[in-house]
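Single-letter residue listing:
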Protein chains: 2
Amino acid sequence: MKKHNFSAGPCILPQEVLQKASEAVLNFNDDNLSLIEISHRSKPFVEVIEKARSLALELLGLENKGYQALFLQGGASLEFLMVAYNLLDKKAAYLNTGTWADKAIKEAKAFGEVVEIGSSKDKGYNYIPKGYTIPEDADYFHCTSNNTVAGTQMKDFPETNIPLICDMSSDIFSRQLDFEKFDLIYAGAQKNMGPAGATLVIIKEEILGKVERHIPSMLNYQIHIDKDSMFNTPSVFAIYVSMLTLQWLKDLGGIEFIEEVNNKKAALLYDEIDRNPLFKGIVAKEDRSTMNATFTLTDDSLKEKFDSMCKEAGISGINGHRSVGGYRASMYNALPLYSVQALVDVMKSLSPS
Amino acid sequence: MKKHNFSAGPCILPQEVLQKASEAVLNFNDDNLSLIEISHRSKPFVEVIEKARSLALELLGLENKGYQALFLQGGASLEFLMVAYNLLDKKAAYLNTGTWADKAIKEAKAFGEVVEIGSSKDKGYNYIPKGYTIPEDADYFHCTSNNTVAGTQMKDFPETNIPLICDMSSDIFSRQLDFEKFDLIYAGAQKNMGPAGATLVIIKEEILGKVERHIPSMLNYQIHIDKDSMFNTPSVFAIYVSMLTLQWLKDLGGIEFIEEVNNKKAALLYDEIDRNPLFKGIVAKEDRSTMNATFTLTDDSLKEKFDSMCKEAGISGINGHRSVGGYRASMYNALPLYSVQALVDVMKSLSPS
Ligand SMILES: Cc1ncc(COP(=O)(O)O)c(C=O)c1O
Ligand SMILES: Cc1ncc(COP(=O)(O)O)c(C=O)c1O
Ligand SMILES: [Mg+2]
Ligand SMILES: [Mg+2]
Ligand SMILES: [Mg+2]
Ligand SMILES: [Mg+2]
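Thresholds, definitions, all that
- Residues numbered from 1 in each chain as written.
- Chains lettered and ligands numbered in written order.
- Predicted model: local features only at pLDDT ≥ 70, side-chain atom pairs only at ≥ 80, totals over all residues.
- Heavy atoms only, no water.
- Domains from an automatic or database assignment.
- Contact = heavy atoms within 4.5 Å.
- Buried area = accessible area lost by both parts, 1.4 Å probe.
- Salt bridge = Lys/Arg side-chain N within 4 Å of Asp/Glu carboxyl O.
- UniProt positions renumbered as here; feature names shortened; annotations may be inferred.
- Helix = DSSP H or I, 4+ residues; strand = E, 2+ residues; numbered from the N terminus.
- Near = heavy atom within 4 Å.
- Polar contact = N/O pair within 3.5 Å; in protein donor to acceptor, adjacent residues only side chain to side chain.
- Areas by Shrake-Rupley, 256 points an atom, 1.4 Å probe, with all protein chains shown as cover.
- Nonpolar A, V, L, I, M, F, W, Y, C, P; charged D, E, K, R; others polar.
- Donors = N, O, S within 2.8 Å, 3.2 Å for Na, K, Ca; no water.
- Buried < 20%, exposed > 50% of the residue type's maximum accessible area, 1.4 Å probe, protein only.
- Pairing = 2+ DSSP bridges.
- Axes fitted to C-alpha atoms, helices over the stretch in contact; angles between N-to-C directions.

Caption draft 1: Broad picture of the domain arrangement of chain A. Residue and element names in this part refer to chain A. Here chain A is partitioned into domain 1 (15–252) and domain 2 (254–349). Taking only C-alpha atoms, the centre of domain 1 and the centre of domain 2 are 27 Å apart. Taken together, the contact between domain 1 and domain 2 spans 28 residues of the former and 26 residues of the latter. Of the roughly 2200 Å² buried where domain 1 meets domain 2, counting both sides, 54% is carbon and sulfur surface. Summed over the shared surface of domain 1 and domain 2, the number is two salt bridges.

Caption draft 2: Spotlight on the UniProt feature "domain: Aminotransferase class V" (unreviewed entry) in chain A. Annotation from UniProt places "domain: Aminotransferase class V" (unreviewed entry) at residues 5–342 of chain A. Each end of residues 5–342 of chain A is marked by a C-alpha atom, and these two atoms are 11 Å apart; helix forms 34% of the span and strand 17%.

Caption draft 3: The arrangement of the site of ligand 2 in detail. As a structural note, the neighbourhood of ligand 2 is formed by 15 residues, with Thr233 of chain A together with Ser77, Thr148, Asp167 and Lys191 of chain B the closest of them. Those chains with residues close to ligand 2 are chains A and B. At a separation of 2.6 Å, an oxygen atom of ligand 2 approaches a polar side-chain atom of Ser77 of chain B. Contacts to ligand 2 include Trp100 of chain B, whose side-chain N or O atom sits 3.4 Å from an oxygen atom. When ligand 2 sits alone it has 390 Å² of accessible area, and the protein chains cover 96% of it. Counting residues per element, the shell around ligand 2 draws most heavily on helix H3 (residues 75–87) of chain B, at four residues. Split into classes, the residues belonging to the shell around ligand 2 amount to three nonpolar, ten polar and two charged.

Caption draft 4: Broad picture of the coordination of the magnesium ion (ligand 4). Residue and element names in this part refer to chain A. Every protein donor of the magnesium ion (ligand 4) is listed here as Ile273 (O), Asn276 (O) and Phe279 (O), and their distances to the metal cover 2.1 to 2.4 Å. When the donors of the magnesium ion (ligand 4) are listed by position in the chain, the intervening gaps give I-x2-N-x2-F. Comparing Ile273 with Phe279, the two get one shared label, buried.

Caption draft 5: Spotlight on the UniProt feature "binding site: L-glutamate" (unreviewed entry) in chain A. The UniProt record annotates "binding site: L-glutamate" (unreviewed entry) at Arg41 of chain A. For Arg41 of chain A, the location among the structural elements is in the loop between helix H1 (15–26) and helix H2 (43–60). We classify Arg41 of chain A as partly exposed; its relative accessible area is 40%. For Arg41 of chain A, the contacting residues outside a window of four places in its chain are Val46, Met230 and Phe231 of chain A together with Arg322 of chain B.

Caption draft 6: Highlighting the sheet that holds strand E2 (residues 67–72) of chain A. Residues and elements named next belong to chain A. The mixed open sheet is built from seven strands, whose spatial order is E2-E10-E9-E8-E5-E3-E4. Pairing within the sheet leaves two strands with one partner each, and these edge strands are E2 and strand E4 (113–119). Each strand axis lies, on average, 15° off the axis of its neighbour in the sheet, ignoring direction. Bridge count between strand E8 (residues 164–167) and strand E9 (residues 184–188): three bridges; the pairing is parallel. Note that in E9 the partner of Cys166 across the bridge is Ile185. Sitting on the sheet, H2 is in contact with E2 and strand E10 (199–204), with an inclination near 130° to E2. Sheet strands in contact with helix H4 (residues 99–108) are strand E3 (91–96), E4, strand E5 (141–144), E8 and E9, and its direction is about 160° off that of E3.

Caption draft 7: Representation of the pairing of E10 of chain A. Residues and elements named next belong to chain A. Among the six residues of E10, six are classified as buried, and the element is accordingly described as predominantly covered. Side-chain alternation along E10 places Thr199, Val201 and Ile203 on one buried face and Leu200, Ile202 and Lys204 on a second face that is also buried. Where E2 and E10 come together, six bridges link them in antiparallel fashion. By the bridge assignment, Phe71 is partnered in E10 with Leu200.

Right, dumping it as structure tokens:
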């Protein structure tokens, strides 16, 4: 039987997408060739990448609004660097909501002044800082919509006149937002989109071309745009599976539909965490992530018992990140409600002795 | 029926590897989870990447000799940049044997003086420059072992006291070389190793740490070495398939074995090109690549006929690169001898009218 996969990323993907991906590895498009042994410049693959790019914009409601969608390599970590390389002229503002934001800040510092306008580092990133002020003379403001590690999520995004840049690696396509507010969104594919190995970058083209420094070709957004996201050989398989997953989401009813499901899943689990005296949540209630729910046992001596009950029930991937401990149940788009129910059932049946 | 796949890259992979990869997308290790939905830090995947890294060194005879193997993202094109970022202090020497060497040169120029010590650009890169001198005061010498586009291949590599760096994207693992001569070898996976989306970098650790500039984390070889090639989420699927392909090669008898097969395939095709008055080779005979054979028809009016005969015979991917024209038959490790025979049979049966 298939496991209940709560992995934080790479993570669960829709079963029908896995089925199609598996078939394409043997015979793609009924053309008697594998998807992974055809030229990336062949018509069938160009169609795949173009479809993936347009589905991404369509699902976000960003078609024909000056945005471009790119599928690059290097993960979100390379975007920490590319954002600064392409956009940081003198000064940039960052919100530090966790490990990943912290790494983005570290990479940016080599390119100019970095102002950390808010941070929740003091409390192990267990909340989202609020009431911060964005300096109007910064080149951009960078934030992380969802802290995958601690399990916090930004519910509001500030109004600002400077470019708004967001690392949405762990909650892109999971909820409706006013995406037009953002000038650059990036996300490693390996959560709500596909396998590891591709990064989606959504960029409002007009924000480019404002720094003087030389930008190496592979790090230059404008070059990737000019080359239709095929400056060099792209990550064919990861892009194909992303395209299938985006199509799956569109067929279901898009972000509007999946947001409701995600809210139901999150409510089911958080309600049990709150109700059950044997569990407690880790982060501030109003900042709880719908994607990654973190919690601990109130009595550590129950750990072995709870872990073995989870294993018995086919529940996989709920160990907390090594920097936080406890448990983390990741409930990405492809995780069915019944998997959350299975976890909640185990929590309910855990007895104090 | 499976086609005869002469694609220049991404390209043919062993059928048994495709079979295993297809299965792993549904159920990896009989663990009821897909390979692409498990954590890259889980034991099963850590074993995969470690095995891929050690197989790469083992096949090249570079184990326990101060080398590290990394599987990075970004393709060979990102290595054009990383090589210069990590190693170019004042001056570097490059041999310009084609489009890819030319791009490597372009990226390096932003980091210091680049001396082009030889070039075959004057004749459309249809030969390998010889008799060049490597300046002893350069930080390194960079060359491209096989020009995938024009179909030339370096048969000898110079003796030098400065670090020898080689882009082996299109002929790594295809022939025996004194690999210890090289200090850094890189190759996009998508020829002799696996699908697009991973890049193999083999690096002699002692050459690092000699430049002063700040090197961003994702571009820093030392950081990737220190993190066992897992600084961030690696390209899981591409690395898994590379591991399978390297294991396939080892089981066959390694590079020693495949080199003989590759020589037979190349001899079969080049003999026909030379024998048959309707075809002629494009590059200098002594520099002909065993991987990519380029040729043209001596009578262009036969093109339509030849193309349809090829199609009829299930021959795929032999169009020349758009910058060269004519035909290019790529004969990577996984291409069976019978596929070359099929092409030669068609060439033999082509009649002048
Ligand atoms: C929010 C966030 N940003 C960035 C990253 C880093 O992504 P990658 O490993 O693709 O570089 C992650 C990885 O989990 C993440 O969750
Ligand atoms: C010799 C050589 N170097 C570099 C490249 C560029 O590789 P990538 O597309 O992975 O960046 C290629 C691609 O075909 C190549 O053949
Ligand atoms: Mg704005
Ligand atoms: Mg409770
Ligand atoms: Mg040497
Ligand atoms: Mg001839």
